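# What the coordinates show
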Amino acid sequence: MVRSGEDRNGGARDGGCFATPGAASRPRVRWWWPGGAVTTAEVQRELRTLRDAGFARAEIALLPMGLPAAADPDAVRTWGTARFTESIEAALVAARAYGMRLDLTVSPGWPLASPAVCGDRIGLAQQKLVQGCRAVAPGEVVDAAVPSPEGEPTEADRLVAVTAARLCDTPRTPDGSILLDEASAVDLTGHVVAGSLRWTAPPTGSWLVFSFWSRPSGQRSLVDAGATDALVIDHFSREATTAAIGHIDRYVLPARLDPLLRQAGGDVFEDSLEIAVDAELWTASLPAEFARRRGYDLTPYLPVLRIDGLYRFDWATLRKGTNPESPSGYDFPGGLGRRIRHDYYRTLNELYADNHVAPLTRWANSRGLSYRAQPYGNTIDHVEVAGSVQVPESEDLVNWLAAGGMTDGAAAYDRAVDFHRGIASGAHMRGRAVVSLECCAVLDADYQTGLAELKRHVDVAFSGGVNQLVLHGFPYSDVPGAAWPGWAPFSNENSPAVSDAWGPRQPMWRHIRAFTDYVARASAVLRYGRPRIDVAFYRQAYWCLAWPKVTATNLADAGYTYGFLSPSLLATDAAVVRDRQLAPEHAGYRALVVDDEPAMEPEVLERLYTLAVQGLPIVVVGTAPHRAQGFHRAPLADAAVAGRAADLLSLPTVRRVGTQEEIRSALRDLDVQPDARLQNATAVLPVHRAGTDGDYYHLFNMGATRARFTAELRGRGAGRILDLWTGTSHHVDTTEADGRRKVSLELDPGEATVVFLGEGPGLDAEPVATPAPTVPVRDRWSRNLAEWDLDVRDWHPGGEETHRLVDHALGDWRTIPRLADVAGSGTYRTTVLLDDDWDRDIDAVLLDLGHVGGTVRVEVNGLAVPGGCVAPGTRNVLPYLRRGANTVTVEIATTLGNRLIALSRAREDAYGRFASRTPRPAGLIGPVRLRAVSV
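Residues numbered from 1 in each chain as written. Predicted model: local features only at pLDDT ≥ 70, side-chain atom pairs only at ≥ 80, totals over all residues. Heavy atoms only, no water.

## Thoughts on the overall build of the chain
Looking only at helices and strands, one finds 21 helices and 50 strands in the chain. For 935 residues, the compact-globule estimate of 2.2 N^0.38 gives 30 Å, and the chain sits close to it at 30 Å. By principal-axis analysis of the C-alpha atoms, the chain measures approximately 110 × 70 × 50 Å. A burial count over the chain gives 62% of its 935 residues as buried. (Helix = DSSP H or I, 4+ residues; strand = E, 2+ residues; numbered from the N terminus. Rg over C-alpha atoms; globule rule 2.2 N^0.38 Å. Buried < 20%, exposed > 50% of the residue type's maximum accessible area, 1.4 Å probe, protein only.)

Okay, structure coming up:
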C-alpha cells in the first residue's frame, strides 16, 4: 500500500496518508514580516496559528510596505544585521518545535540585490548597455572624442565598443526602424586612443558611428528591507552571484545556523526576475561568451539590439505591448537584425541558467536547503529555464498578464493554465518532482477574495501540472498603529491593492483547515508516481509574457493533455523515444506538435527528425520550418533547415495540417489516443499520474455548467473515487472498453475529483461505502428548509456586534437592512421532524444548500458533516439523522470586503481605496432542500 507522503521511488517523506496528509504535500504560506520589526513571542504565536490551520511551511518575506508612520526604520531595515539573524534563528527554533519548516528569501527584496555589489564592486551590479551616436559624411575624417553616451554619465561607465555602419538607401522600415547596411557594419574599437576615435569613413554613403558603454543600472529591489544600500546584482555573472552568496553567508545565515537549517529549513526562494532598465542588459563576459556560444563576434552588430522599452517592465510598457518582436530602433534588412537579437536573448538565457541558477542551487544544497525560483522575466524563456531550477514556481499574477489580463480581466486567470503547463514541462523533462505556485494574487481584490476563488485558482494550476501551493500571503499581526484589520503590505493607501491578507483577521479563516486539507490531498495525488502527458508542443519564446496559445478546444475536450518543450529540453538525456513515447521515464509524451514555426535552428530540426525516425508521431501545423533562427552562416543554415524539414515531412510518422483544429484528426490518424478519452465533456481538464499501484486521474470542470460525461481511462483494476474534501475512497462502477476502464461522471462547475484505477483504496485513502452522489437515483421524499434562526457576528473596527434573527427567511445579507454592511460569520439553525419510517427504502439523504455567499460548515445533531467549505453542492446526511427532531446547523463566514466598503462610504480615511468596490453576496442564500433518494 502506498502512502501519500511517499516519493516516486517509495521513500517515505512523512507519516501522512490521503485522509490526513503529511507535511510533504501540505500547502505553504508567504509570511510577510514588516522588515525586521518582529518579536520572538509573536513569531511563535503565528507559527502555531499556521500549523493549526494546516500549513507545513512559512516563507519569510520582508515587505516594509504600508507601515504606519511611527514605524522605526532601524527596526524595519535589518536584513544583513545581527538582529535579523537572531530573528531568523528564533523562528527556526520555533518551527522545529512545531514540526514545521521555514523558507527564506535570497535577498532583502526582488530582484536579487546585495550590498556586495556596491562601492568598488559596482561592476558586479546589474549592467545596461547605453549608447551614443553621431552622423558621419562620406569620406569624412573623424578625429574626435567618441560619441557621449545617453543619459546621466557615472564614474562606473566603461567603454565596451565603438562601431560604424552605413545607412541604407531606403533609410526606414514602415514601422519606423532605421535601416543599416549589415555588410558595412564594422568594429572601430581598435581605432580609439585615449577616448578619441581616429577613422576615415568610406567615400560612399552616409554613416553612423556608435559608442557603447556598460553602465550600472542603479536598480534596487522593488521592496528593500536591508540595513545597507543594495543594488540588483548582475544575474548573468557568476562572480556577482558568488559575491551575493558570500554576503549572505557572512551577514545573514552564518555557518552556526547550519544545524537549524537542516532541521527546520526548507527552500531558498528567489522571486520573479522583474528587471527594469531603460536599455539592453549587459554583462562583462557577454562578448566572449557570445562568440564562444554563437560562433561570431557580436560587436559590429550591437546597434540592432535596442528595442525601446523592452526591459523596462513597468505597467505603461506592459500595456503598450512591447516585446521582442516589436520594431528595433536600428535594424538590418531581410530580418538579419531579428536573427542577431535571437542569438542575444539565447545567450542571456544560457548565462542566467549557468551563472545564476546553477551556483545558487549548489550553494542552497550545501546549506541543507533547496533552491526554488520563479524563472521568468523580460526576455527569459520560462519553459527552458524552468528545467534548470530545482523547484520551479509559477504564479497567478504574471500568468494573468500573459493571458491578456490587461484587457480581459478575471477571465484571463483560467487561460493561464498554459503558463503553468510551460513551467511544469521544464520540471518534468529534468525529473523534478515538485512544481510550485504562488497563489492567489489578484489585483484590486484585497479582502474580497474568498476561499472559493482560491480553490478555482488552485484547481486551474493543478490542471496545468502544479503540485505545490504557496499562499499569498499571511501578514505579521503585531504592528502598532496599523489601521483595522491590521497591517497588510498589499492592502493600504500607499501600495498596490493585491489579494490577500490571510489569517485570523479574516472571518473565513475559521474554515481554512478544510481548504488546506483539500489542497494537500490534491498535491499528494499530483506528486505521486510519474506524470503521463499525451502531447508536447514545441515552443520557444524569449519573452516572459509570451505564453503559448493552444486555441483548438477540441483537443482538450477529447481529453488530450499537453505540455511544452523548448529546444534545450529536447536535447536532454531524457529526450529519448521508446515504444513511441518521448521521455518515457518522465512525462511519456505520445506525440509532438510543431505549431506554425517558420524558423528553427538546424540542430533542433535534426533532433526532431531523429525522434520521428525512432517512432515518435509528429504533427506539423501551418508553416513548416524553412529557415534558421540565428545569424551565424545564415544562408547555409537556412538551406539545411529547408532540406531537413522536407525530409521530416516525408516520414511515415509525420503528418502536416493547416490549423490547430486539425491536430486531433492527425493524432487519430497516427493512432495517438489520449490517456483520458472523454466523451461529451467540455472544459473538463484531466491530469494523469501513473503509480506502482495504479493510475490516478485528477479531473476538473473549469466550465460554467454541470458536466455529465464518460471517461475511458487508460489503466486496469477496480475503479474508485477519491474525495478531496473528506479523504475517503469509494467504489465507482466501471466497464471494460478497449483495454481501458469506462466510467460515467458528473462534475458541478468548478468541481474536481480523482478517479483511481488499481489495487486498494488509492493512496491509503479511507475506504467508505457511501454511494457517489452522481449515480442514478429515485426520489423518496423531500423537505424545503425555508425558516431558520440566525446568529450573526458582525466584525468592525470597534470589535464584534451580534445580531439575532428568528424565523429568518433565507436571503443575501445585502438585501436585509440590519445585515447589509455586515462582514463576519453567521450560524443558521433549523429543526427537521422525521417520522418513524423516514428511512424506509432510503440509500441517501442529500442536503443541498443552494447558493452560499461565503464558506460553509455543516452540522447535523451536533456532528460535523464532511464536505467542502466552498461550492458546497450536496452532502449525504443519512448517517446523522434520527427519528423525531433533528437540528441542522450551517455556519457561514464571509470576507471582510463588505464592511470595508461600508467604512469607505462613511468616509473613513483609512479605507478610501474600497469606495469604488462592489459588495459581494453574503450569507446562506439558498434555497436549502433535504432530498431522500434510493439507488
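## A word on the packing of helix H18 (residues 602-613) against helix H19 (residues 634-649)
It is the contact of H18 with H19, at a shortest axis distance of 9 Å, that shows an interaxial angle of 15 degrees. On the basis of their axis angle, the class for H18 and H19 is roughly parallel. The way H18 lies across H19 gives a crossing that is left-handed. Side by side, H18 and H19 meet where Pro602, Leu605, Glu606, Leu608, Tyr609 and Ala612 of the first sit next to Ala637, Ala640, Val641, Arg644, Ala645, Asp647 and Leu648 of the second. Looking at the contact of H18 with H19 residue by residue, the class counts come to 10 nonpolar, no polar and 3 charged. (Axes fitted to C-alpha atoms, helices over the stretch in contact; angles between N-to-C directions. Parallel < 35°, antiparallel > 145°, perpendicular 65-115°, else oblique. Left-handed = near helix turned anticlockwise from the far one by under 90°. Contact = heavy atoms within 4.5 Å. Nonpolar A, V, L, I, M, F, W, Y, C, P; charged D, E, K, R; others polar.)

## Digging into the state of the cysteines
Working definition of a disulfide: a covalent bond connecting the sulfur atoms of two cysteines. According to the stated counting rule, one finds 1 disulfide in the structure shown. Here Cys439 pairs with Cys440 through a disulfide, and the sulfurs are 1.4 Å apart. For the disulfide bridge between Cys439 and Cys440, the dihedral angle about the S-S bond is near 50 degrees, and by the sign convention the bridge is right-handed. With no disulfide of its own, Cys133 lies closest to Cys168 among cysteine sulfurs, the gap being 14 Å. Taking the relative accessible area as the measure of exposure, Cys133 reaches 37% and is therefore partly exposed. Cys869 takes part in no disulfide bond, and the closest cysteine sulfur, belonging to Cys440, lies 13 Å away. (Disulfide = S-S within 2.5 Å.)

## Focus: the packing of helix H14 (residues 451-463) against helix H15 (residues 512-527)
Taken N-terminus to C-terminus, the directions of H14 and H15 make an angle of 5 degrees; their axes are 11 Å apart at the nearest point. Classified by the angle their axes make, H14 and H15 are roughly parallel. On H15, the residues touching Leu451, Leu454, Lys455, Val458, Asp459 and Phe462 of H14 are Ile512, Phe515, Tyr518, Val519, Ala522, Ser523 and Leu526. Split by residue class, the contact of H14 with H15 holds 10 nonpolar, 1 polar and 2 charged.

## Thoughts on helix H1 (residues 40-52)
Taking 1.5 Å per residue as the helical rise, H1 with its 13 residues ought to reach 18 Å, and the 18 Å between its terminal C-alpha atoms agrees with that figure. For H1, every residue scored as buried is listed here: Glu42, Val43, Glu46, Leu47, Thr49 and Leu50. Buried residues of H1, seen end-on, are gathered within an arc of 160 degrees and therefore sit on one face of the element. Looking at the buried residues of H1, the elements they touch are strand E1 (28-33), strand E2 (57-62), helix H3 (82-97), strand E3 (101-105) and strand E20 (468-475). Just downstream of H1, Gly54 is the residue with a positive phi angle, here 100 degrees. (Expected span 1.5 Å × (residues − 1). Arc of directions from axis to C-beta.)

## Notes on the sheet that holds strand E45 (residues 855-860)
An order of E41-E40-E42-E48-E45-E46 is seen for the 6 strands of this open sheet, with the pairing classed as antiparallel. This sheet does not close on itself; its edge strands, each paired only once, are strand E41 (799-809) and strand E46 (863-864). (Pairing = 2+ DSSP bridges.)

## Quick look at the packing of aromatic side chains
Summed over the entire model, instances satisfying the criterion amount to 22 aromatic pairs. With a centroid separation of 5.1 Å and 90 degrees between ring planes, the pair formed by Phe290 and Tyr296 is classed as edge-to-face. Residue Tyr296 is classed as buried on the basis of its relative accessible area, which comes to 9%. The interplanar angle of 45 degrees and the centroid separation of 5.8 Å between the aromatic rings of Phe474 and Trp509 together place this pair among those described as tilted. With Phe474 in strand E20 and Trp509 in the loop between E20 and H15, this pair connects stretches of sequence that are 35 residues apart. Like Trp509, Phe474 is buried. Grouped by ring-pair contacts, the aromatic residues Phe290, Tyr296, Tyr301, Phe332 and Phe631 constitute a single cluster. The cationic tip of Arg421 hangs over the ring face of Tyr562; the distance from NZ or CZ to the ring centre is 4.2 Å. The ring centre of Trp781 lies 5.3 Å from the NZ or CZ of Arg783, which sits over that ring. (Phe/Tyr/Trp six-rings, centres within 6.5 Å; stacked < 30°, edge-to-face > 60°. Lys NZ or Arg CZ within 6 Å of the ring centre and 35° of its normal.)

## Concerning unusual backbone geometry
Of the consecutive residues His472 and Gly473, the connecting peptide bond is found in the cis state with omega at -5 degrees. Along the chain, the position of Gly473 falls in strand E20. In this structure, Pro485 follows Trp484 across a cis peptide bond, with omega equal to 10 degrees. Mapped onto the elements of the fold, Pro485 is located in the loop between E20 and H15. In this structure, Ala583 takes a positive phi of about 55 degrees despite not being glycine. Classification of Ala583 by relative accessible area gives buried; the value is 0%.

## Topic: the pattern of salt bridges
Tallied over the entire structure, the rule returns 69 salt bridges. Residue Asp308 pairs with Arg312 through a salt bridge whose shortest N-O separation is 3.3 Å. Judged by relative accessible area, which is 45%, Asp308 ranks as partly exposed. Residue class for Arg312 comes out partly exposed when judged on its relative accessible area of 30%. Connected via shared salt-bridge partners are Arg28, Arg30, Arg57, Glu59, Asp103, Asp267, Arg372, Glu393 and Glu438. (Salt bridge = Lys/Arg side-chain N within 4 Å of Asp/Glu carboxyl O.)

## Some thoughts on the sheet that holds strand E27 (residues 618-621)
Spatial ordering of the open sheet is given by E23-E22-E26-E27-E28, a layout of 5 strands whose pairing is parallel. Two strands lie at the open edges of the sheet, namely strand E23 (562-565) and strand E28 (654-657), each paired on one side alone. This sheet shows a mean twist of 25 degrees between the axes of neighbouring strands, independent of strand direction.

## A look at the environment of Trp110
Position of Trp110 among the secondary structure elements: in the loop between E3 and strand E4 (113-114). Here Trp110 falls in the buried class, since its relative accessible area comes to 16%. Between the C-alpha atom of Trp110 and that of Arg708, which follows or precedes it by 598 residues, the distance is 46 Å. Among the polar contacts listed, one links the side chain of Trp110 to the side chain of Glu274, at a separation of 3.1 Å. (Polar contact = N/O pair within 3.5 Å; in protein donor to acceptor, adjacent residues only side chain to side chain.)

## Let's talk about the domain arrangement of the chain
Under the domain assignment used here, the chain contains domain 1 (127-216 + 278-344), domain 2 (550-670), domain 3 (676-769) and domain 4 (779-934). In this structure, domain 2 and domain 4 have C-alpha centres spaced 53 Å apart. (Domains from an automatic or database assignment.)

## Quick look at the nonpolar core
The biggest cluster of nonpolar side chains holds 169 residues, and the ones touching the most others in it are Trp33 and Leu47. Those residues in contact with Trp33, other than ones at most four positions away along the chain, are Val38, Val43, Ile60, Ala61, Leu62, Leu63, Phe84, Ser87, Ile88, Ala91, Tyr476 and Trp487. Grouped together as the second largest cluster of nonpolar side chains are 52 residues, Ala591, Leu592, Leu611 and Ile618 included. (Core = buried A, V, L, I, M, F, W, Y, C linked by side-chain atoms within 4.5 Å.)

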